[in-house]
Amino acid sequence: MQTLYFSPLACSLATRITLFELGSDAEFIEVNGKTKRLPDGADYRAIHALGMVPALRLDDGTLITENAAILQYLAERSQALAPTDLLGRTELRQWLSFVGTELHKTVFIPLLTPGVPDGARAFALEKSDARLTYVAERLAGREWLVEAFSVADAYLFTVLNWAQVTPIELGRWPALAAYMQRMLARPNVRRAVDVERKLHQREVAERQTGAVPPQ
């Protein structure tokens, strides 16, 4: 059985959504985002040296890292959640790259990372308007980023979901607000979010009460 290493509500949520949508069997192993420890106390960095999620362990032991690569692998292996023609697949890769570099790394990482200098946060907010407007214009009058629901939507939803804990107000872009509602109306998206929200709330409570995770 394949294994997904994840942290609650991190970018690995996109892979969980994809696995749920595909109906794929998988073991889900939580990585503590702060300590990089697994539930049994093992150091996740022995599996992935950078301690980053997601990582997907295949049945044969192969480890795949990087969100865009994992999502494309799952889509191509299952021949689902991705266009079948060359131009469509190229467009899918275009949007996965955009979400990963222009939204995830450029906009949201500076806003979500503790201790980031104010100047970096200001830069991220300055860049956010044009990038979110670009996505909103793409979604105006259409349901999904490409011809049908795809792994790119799983990634975009995951990243936009972080806006609620940043100064970014998605309501400024009606197309984005409507898109998020469409995503949450999908049973497998809602299921994935509900599972990880509970885990995230437990993790936050443990930090607030001073509970010590396994070392």
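Just so you know, these numbers come straight off a predicted model, no measurement behind them. (Residues numbered from 1 in each chain as written. Predicted model: local features only at pLDDT ≥ 70, side-chain atom pairs only at ≥ 80, totals over all residues. Heavy atoms only, no water.)

**Some details on the pairing of strand β1 (residues 2-6)**
For β1, the tally of buried residues reaches five of five residues, placing the bulk of the element in the interior. Taking every second residue as pointing to the same face, both faces of β1 are buried, with Gln2, Leu4 and Phe6 on one and Thr3 and Tyr5 on the other. Where β1 meets strand β2 (residues 26-30), five bridges bridge the pair, whose relative direction is parallel. Along β2, the bridge assignment pairs Thr3 with Glu27. The handedness of the β1 to β2 crossover, carried by helix α1 (residues 13-22), is right-handed. Relative to strand β3 (residues 55-57), β1 runs antiparallel, the two being bridged by three bridges. (Buried < 20%, exposed > 50% of the residue type's maximum accessible area, 1.4 Å probe, protein only. Helix = DSSP H or I, 4+ residues; strand = E, 2+ residues; numbered from the N terminus. Pairing = 2+ DSSP bridges. Right-handed = clockwise from strand over helix to strand, strands pointing away.)

**Points about the sheet that holds β1**
With mixed pairing, four strands are arranged side by side in an open sheet as β2-β1-β3-β4. Taken across any chain shown, the strands that pair with only one partner, and hence form the sheet edges, are β2 and β4 (63-65). Averaged over all pairs of adjacent strands, the angle between strand axes in this sheet comes to 20°, irrespective of strand direction. (Axes fitted to C-alpha atoms, helices over the stretch in contact; angles between N-to-C directions.)

**What about the side chain of Gln2?**
Looking at the element boundaries, Gln2 is found in strand β1. Polar side-chain contacts of Gln2 include one of 3.2 Å to the side chain of Arg77. Once residues lying within four places of it in the same chain are set aside, the contact partners of Gln2 are Leu19, Ser24, Asp25, Ala26, Glu27, Leu56, Arg57, Leu58, Asp59, Leu74 and Arg77. (Polar contact = N/O pair within 3.5 Å; in protein donor to acceptor, adjacent residues only side chain to side chain. Contact = heavy atoms within 4.5 Å.)

**Description of the environment of Gly33**
Tracing the backbone shows Gly33 in the loop between β2 and β3. Each C-alpha atom, one on Gly33 and one on Arg207, is 11 Å from the other, the two residues being 174 residues apart in sequence. Excluding anything up to four places from it in sequence, Gly33 contacts Ser7, Glu203 and Arg207.

**So, the side chain of Ser12**
Here Ser12 shows up in the loop between β1 and α1. Taking the relative accessible area as the measure of exposure, Ser12 reaches 0% and is therefore buried. Here Ser7 takes part through its backbone nitrogen, which lies 3.2 Å from a polar atom of the side chain of Ser12. Residue contacts for Ser12: discarding those within four places in its chain leaves Leu4, Tyr5, Phe6, Ser7, Val53 and Pro54.

**Some details on the nonpolar core**
One finds Val135, Leu156, Ile168 and Leu176 to be the most contacted residues of the largest nonpolar core, which totals 48 residues. When residues of this core are traced back to their parent elements, those giving at least two are α1, α2 (67-78), α3 (86-112), α4 (118-139), α5 (151-160), α6 (174-184) and α7 (187-209). Of all the elements, α3 adds the most residues to this core, at nine residues. Not counting chain neighbours up to four residues away, the residues in contact with Leu156 comprise Val99, Leu103, Val135, Leu139, Leu145 and Tyr179. Counting ten residues, the second-largest nonpolar core is a separate cluster that includes Leu19, Ala26, Ile64 and Leu199. (Core = buried A, V, L, I, M, F, W, Y, C linked by side-chain atoms within 4.5 Å.)

**Considerations on the environment of Ala154**
By secondary structure assignment, the location of Ala154 is in helix α5. Along the chain, Ala154 and Glu21 lie 133 residues apart, while their C-alpha atoms are 9.7 Å from each other. In this structure Ala154 touches Ala14, Ile17, Thr18 and Met183, once residues within four positions along its chain are discounted.

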